[in-house]
Amino acid sequence: MPEPKTAAPHALLLAGPPGRSQIRFALAAVLFSVATFVIVVPLATLPVARVPAFIPAYESALAICFVITAALLFGQYNFSQRPALLVLASGYLFTACIVVAHILSFPGVFSATGLLGAGPQTSVWLYVFWHGGFPFFVLGYALLDRDASEPGAGSDAASAQPGDNTAGIVLAATIALTGVCGMTLLASAGQALLPTLLLEDHPTPTLAALGYAFWLLSLLALFSLWRRRPRTMLDLWLMVVLCGWLFEVALFVIFNTARFDLGWYASRLYGLLAASSLLIVLLLETATQNARLAQLTHELSEANRALEQLSLHDALTTLPNRRFFDAYLAAQIAIARRHGRALALVMCDVDAFKPYNDDYGHQAGDECLKRIAAALQSCCHRPADMVARYGGEEFALILPETTSADAARIAEEARRAVAELKMLHASVPAAAQISISAGVAVLDGDMSAQQLIRAADRNLFEAKRLGRNRVVS
Ligand SMILES: Nc1nc2c(ncn2[C@@H]2O[C@H](COP(=O)(O)OP(=O)(O)OP(=O)(O)O)[C@@H](O)[C@H]2O)c(=O)[nH]1
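Owing to the predicted nature of the structure, the values given are computational and were not obtained by experimental measurement. (Residues numbered from 1 in each chain as written. Predicted model: local features only at pLDDT ≥ 70, side-chain atom pairs only at ≥ 80, totals over all residues. Heavy atoms only, no water.)

## Points about the site of the ligand
Inference 1: Around the ligand, 18 residues are found, and the nearest of them are Ala-352, Phe-353, Lys-354, Asp-366 and Arg-389.
Inference 2: Within the side chain of Arg-389, a nitrogen or oxygen atom sits 2.6 Å from an oxygen atom of the ligand.
Inference 3: At 3.4 Å, a side-chain N or O of Glu-393 approaches an oxygen atom of the ligand.
Inference 4: Computed on the free molecule, the ligand has an accessible area of 650 Å², of which 68% lies beneath the protein chains in the complex.
Inference 5: Elements with a minimum of two residues in the shell around the ligand: strand E3 (343-350), helix H10 (353-360) and helix H11 (362-377). (Near = heavy atom within 4 Å. Polar contact = N/O pair within 3.5 Å; in protein donor to acceptor, adjacent residues only side chain to side chain. Areas by Shrake-Rupley, 256 points an atom, 1.4 Å probe, with all protein chains shown as cover. Helix = DSSP H or I, 4+ residues; strand = E, 2+ residues; numbered from the N terminus.)

Shown next, in the form of structure tokens:
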């Protein structure tokens, strides 16, 4: 059976080691982020037009990216049962939901002060929970799944087993959603309990301190991903996500001074990089895996066809083999009986083939059998006619809808076709060339396949007895 030319797709997305081009793309994304950061930092405090519609437009895109990534990761968990993937998927779902709460509570978007009973500190606290929460989930992912390539860890296609882990997914999603509801409640109804983070759109030292803390937390998560060995594509792209996260937090909390200045807008671009990079890579990988799967399916059906050809055909002559012959004869007997049609069978045997082998060698014998097969094949005129290699130097012709007289004529044609090959056979006293003998039989009454073969064989033996190189019907 031919080896598959296409590499088998991994059972899990991004579970394999990153290739050179993946590493290059990831590095390019990080370098681009660094370069933009260096350009933007000195201009971070530059005031820019206040566009409140920017928040719902931008954060809707973020929420969609996060929720689709969460769905893909939950799907991966359902297949692999790797708890690390469940934690990561929950992190994405948590972030998607808190982004929605952030849009709703942002002042001036849906109402002057924001929905959900929002006060002046609600949206900034939700932003803090959002940016502090996600790195925790990534840290959980990195620490839970230290060696993803270990047998049973799920990266190996053979080890991953699809299963129904809906209960685990529902539980994790419920915890994430409850967390978001609790945090929203705290940031709105309970904001009096929380320190002030923004004073007239300007960050307070508390927000800066929280910003540093989350920045360090993101750095720790990045470091944990960096240390994982062997590093998977998912690890690599999560590192890119965290780089975007680090730049976003740095620009928003550490280097900028107010909402709607250049640093504030630029930090959103990093947010978009963080939200979309893993999703884009997951979708690209899905497309690649699908293409690979389609290619493998094609190769598999080709291999199956080749296998079927091998199992039903004779390797030397490429004619249908005995197995194919038996099945075809049984089918043709059933058809002939059902429609009351004639069916003829011709058994042919090469004359004095043992001495031919002895005189000219086995290889010449093989060559001779191939040429005889081709000659017999040329006598099958109708699509339903079949010539098969019955065994050794014996061949059989199945001739549906053929009477005894017509079958005898075709058998004679076959005998002549072999004679016309004019293959020298010095041991045959008369003609000194290869010949065949043939016995013809037709289906009669309730004859079984075995009885039909025996009847044709009897005539074949008679042809041999009468001196070979002839047809008896
Ligand atoms: N080269 C070659 N020889 C084969 C093959 N299959 C069967 N044979 C030979 O065919 C010969 C058949 O010999 P026998 O059954 O004695 O018959 P025969 O010599 O043809 O004599 P008759 O049938 O009585 O004319 C044997 O020597 C087998 O080894 C094959 O695939 N290749």
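## A word on the side chain of Arg-228
Inference 1: Mapped onto the fold, Arg-228 is located in the loop between helix H6 (205-227) and helix H7 (233-255).
Inference 2: Separated by 3.0 Å, the side chains of Arg-228 and Asp-235 make a polar contact.

## Considerations on the confidence of the model for the chain
Inference 1: The predicted model of the chain has a mean per-residue pLDDT of 90, with 93% of residues at 70 or higher.
Inference 2: Low pLDDT, under 50, characterises residues 149-160; the stretch is placed with 20 contacts to residues that sit more than four places away or in other chains.
Inference 3: For this predicted complex, the interface confidence comes out at an ipTM of 0.94, alongside a pTM of 0.70. (pLDDT = per-residue confidence, 0-100. Contact = heavy atoms within 4.5 Å.)

## A short note on the environment of Arg-50
Inference 1: Relative to the elements of secondary structure, Arg-50 occurs in the loop between helix H1 (20-40) and helix H2 (54-80).
Inference 2: On a C-alpha basis, the gap between Arg-50 and Asp-261 in space is 8.2 Å, while along the polypeptide they are 211 residues apart.
Inference 3: Setting aside residues up to four positions removed in sequence, Arg-50 forms contacts with Asp-201, Phe-260 and Tyr-265.

## Re the UniProt feature "transmembrane region" (unreviewed entry) in the chain
Inference 1: Within this numbering scheme, the UniProt entry marks residues 25-49, 55-74, 86-104, 124-144, 165-187, 207-225, 237-258 and 264-284 as carrying the feature "transmembrane region" (unreviewed entry).
Inference 2: Split by type, residues 86-104 is 100% helix and 0% strand. Its first and last C-alpha atoms lie 27 Å apart.
Inference 3: Within the segment residues 124-144, helix and strand shares are 100% and 0% respectively, and the terminal C-alpha atoms sit 31 Å apart. (UniProt positions renumbered as here; feature names shortened; annotations may be inferred.)

## Thoughts on the sheet that holds E3
Inference 1: A sheet is described by the order of its strands in space; here five strands give the open sequence E4-E5-E3-E6-E7, paired in mixed fashion. Two strands lie at the open edges of the sheet, namely strand E4 (386-391) and strand E7 (471-472), each paired on one side alone.
Inference 2: Where E4 and strand E5 (residues 394-400) come together, five bridges link them in antiparallel fashion. Note that in E5 the partner of Val-387 across the bridge is Leu-397.
Inference 3: On the sheet, helix H12 (residues 404-419) packs against E3, E5, strand E6 (436-442) and E7 and is oriented at approximately 165° with respect to E6. (Pairing = 2+ DSSP bridges. Axes fitted to C-alpha atoms, helices over the stretch in contact; angles between N-to-C directions.)

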